[in-house]
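One-letter residues, chain by chain:
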Amino acid sequence: MKTSKISKFYEKPLEERLAIVKEFASLTEEETEQLGKYGALGFETANRMIENVYSTFPLPLGLATNFTVNGREVLVPFAVEEPSVVAAASNAAKMSSGFEAKASEPVMIGQIQLVGAKDAKKAIKAVMKNEKLLLGKANEGDSTLVKFGGGARKIEAREIRTKRGAMVILHLLVDVRDAMGANAVNTMCERISPMIEEMTGCETRLKIISNLAVHRTVKAKTIWKKEVLGEQAIEHILDAYEFAANDEYRACTHNKGIMNGIDAAVIATGNDFRAVEAGAHAYAAMEGKYRPLTKYRKNRNGDLEGEIELPMALGLVGGATKTHPIAKINVKLLGVKTAGELAEIIASVGLAQNFAALRALANEGIQKGHMRLHAKNMAITAGAKGERIDEIAGQMAEEKNISVTRAKEIMEGKK
Ligand code: MEV
């Protein structure tokens, strides 16, 4: 029986950690070796990914444990530089009753900007009259996407009034299946633009995907039982949530915490985290006011219900997901077959991360946990090894005197 409920993963020696991941994800010897290499992205691969490569920039890769999403236990890879993020998500997942998540159809928006319209309404009519023809043309060059059940689905048009005159904005809605979609959508927009110019007499300018993927969203929810969390903690979390729901300064940080987990998992799978970030924040501001991406309420039993909803444009085909050796292993570890399934796990991670932050902030405060880690880092910097690290860190935390100097003093036996 595969289980994501692994306790004290951090206390196990590296070999054992790798063996757990290998077993869970049925990795090959070669894949497991890659993970153990700490530099799997060689020059040749990196040089094919971007320009002017002179090195690589590694991030720690941690394993978030205890997640159950839609009844399946999953281990989630986190590529992140910030301490506490992995532990917080794992702990929140452990306390939850499991996540239920649902991704929408993978429909992305491609935008085409039309300028120079003498009569915007007439231009819109001309496009809409030919919608079928344009969709056919858009799909013409993308037989693979169409074969897999995707393709251009719909065109929407509207006028915007700007200080440089009226413009017509077209949205080409494309089901991109398991691709992130930028390439397919951008190509389609460029392909149909000459026809649109002919139909409307306008000039087409920008032809580009929108990262505000309102048709490609994901929802996740879970319950934290009052018996696990405690009634007072629930009240405190609800107060913390109301703060974010009514104050943009707080909502921004609240959402930053959500993205701590989301980005970490998005990066670990080789996906475009800037696209997900941009989409998330624009979505949070859709109602004209910047809002938290999560919602919390107390249900009839007195348990805490949490929910998250945001756009999630992720791909499993193309891009770094397929070229980055560790990203490929991470996708295998997650055991996902579709981009939607991946989005469902990552949205659950975002909710768990947010819950963990609210729980810590609204109760004991965030610094206590941070300080424990900080103290450990200081002890290690001072040269402590093995069990001594925790002993020295513990003593410094107790004394509320955390520094390398103090760590050295304790090591030298100074009281
Ligand atoms: C720190 O990276 C994230 C938090 O600030 C999130 C929050 O305040 O909700 C702890």
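Worth saying up front: this structure is predicted, and the values here are computed from it rather than measured.

What to know about the packing of helix H11 (residues 248–268) against helix H15 (residues 339–362)
So, step 1. Contact geometry of H11 with H15 gives a least axis separation of 8 Å together with a crossing angle of 135°. The orientation of H11 relative to H15 falls into the category oblique. For the element pair H11 and H15, the recorded crossing hand is right-handed. Contacts between H11 and H15 pair Arg250, His254, Gly257, Ile258, Asn260, Gly261, Ile262, Ala265 and Val266 from the former with Ile346, Val349, Gly350, Gln353, Asn354, Leu358 and Leu361 from the latter.

Quick look at the site of the ligand
So, step 1. By nearness alone, every residue bordering the ligand is listed as Glu82, Arg250, Thr253, His254, Lys256, Gly257, Asn260, Ala357, Leu361 and Ile366.
So, step 2. Here an oxygen atom of the ligand sits 2.7 Å away from a polar atom, N or O, in the side chain of Arg250.
So, step 3. Between the ligand and Asn260 there is a distance of 2.9 Å, counted from an oxygen atom to a side-chain nitrogen or oxygen.
So, step 4. Calculation on the ligand without its partners gives an accessible area of 300 Å², and the protein chains cover 83% of this total.
So, step 5. Of all the secondary structure elements, the ones that give two or more residues to the shell around the ligand are H11 and H15.
So, step 6. Broken down by element, the shell around the ligand gets its largest block of residues, 6 residues, from H11.

Some points on the nonpolar core
So, step 1. Phe67, Val76, Ile262 and Met312 are the most contacted members of the largest nonpolar core, which totals 59 residues.
So, step 2. Here this core takes 11 residues from H15, the largest share from any one element.
So, step 3. Ala117, Val176, Ala213 and Ala275 belong to the second largest nonpolar core, which has 31 residues in total.

Considering the pattern of salt bridges
Pairing between side chains of opposite charge can happen when the charged atoms of each approach one another.
So, step 1. Inspection of the entire model under this criterion finds 23 salt bridges.
So, step 2. Among the ionic pairs, Lys121 bridges to Glu159, the shortest N-O distance being 3.6 Å. Linking Lys121 in helix H5 (residues 120–129) with Glu159 in strand E5 (residues 151–162), this pair joins segments that are 38 residues apart in sequence.
So, step 3. Lys121 gets classed as exposed once you look at its relative accessible area, which sits at 57%.
So, step 4. With a shortest N-O distance of 3.6 Å, Arg153 and Asp175 are connected by a salt bridge.

Quick notes on the rules
Residues numbered from 1 in each chain as written. Predicted model: local features only at pLDDT ≥ 70, side-chain atom pairs only at ≥ 80, totals over all residues. Heavy atoms only, no water. Axes fitted to C-alpha atoms, helices over the stretch in contact; angles between N-to-C directions. Helix = DSSP H or I, 4+ residues; strand = E, 2+ residues; numbered from the N terminus. Parallel < 35°, antiparallel > 145°, perpendicular 65-115°, else oblique. Left-handed = near helix turned anticlockwise from the far one by under 90°. Contact = heavy atoms within 4.5 Å. Near = heavy atom within 4 Å. Polar contact = N/O pair within 3.5 Å; in protein donor to acceptor, adjacent residues only side chain to side chain. Areas by Shrake-Rupley, 256 points an atom, 1.4 Å probe, with all protein chains shown as cover. Core = buried A, V, L, I, M, F, W, Y, C linked by side-chain atoms within 4.5 Å. Buried < 20%, exposed > 50% of the residue type's maximum accessible area, 1.4 Å probe, protein only. Salt bridge = Lys/Arg side-chain N within 4 Å of Asp/Glu carboxyl O.

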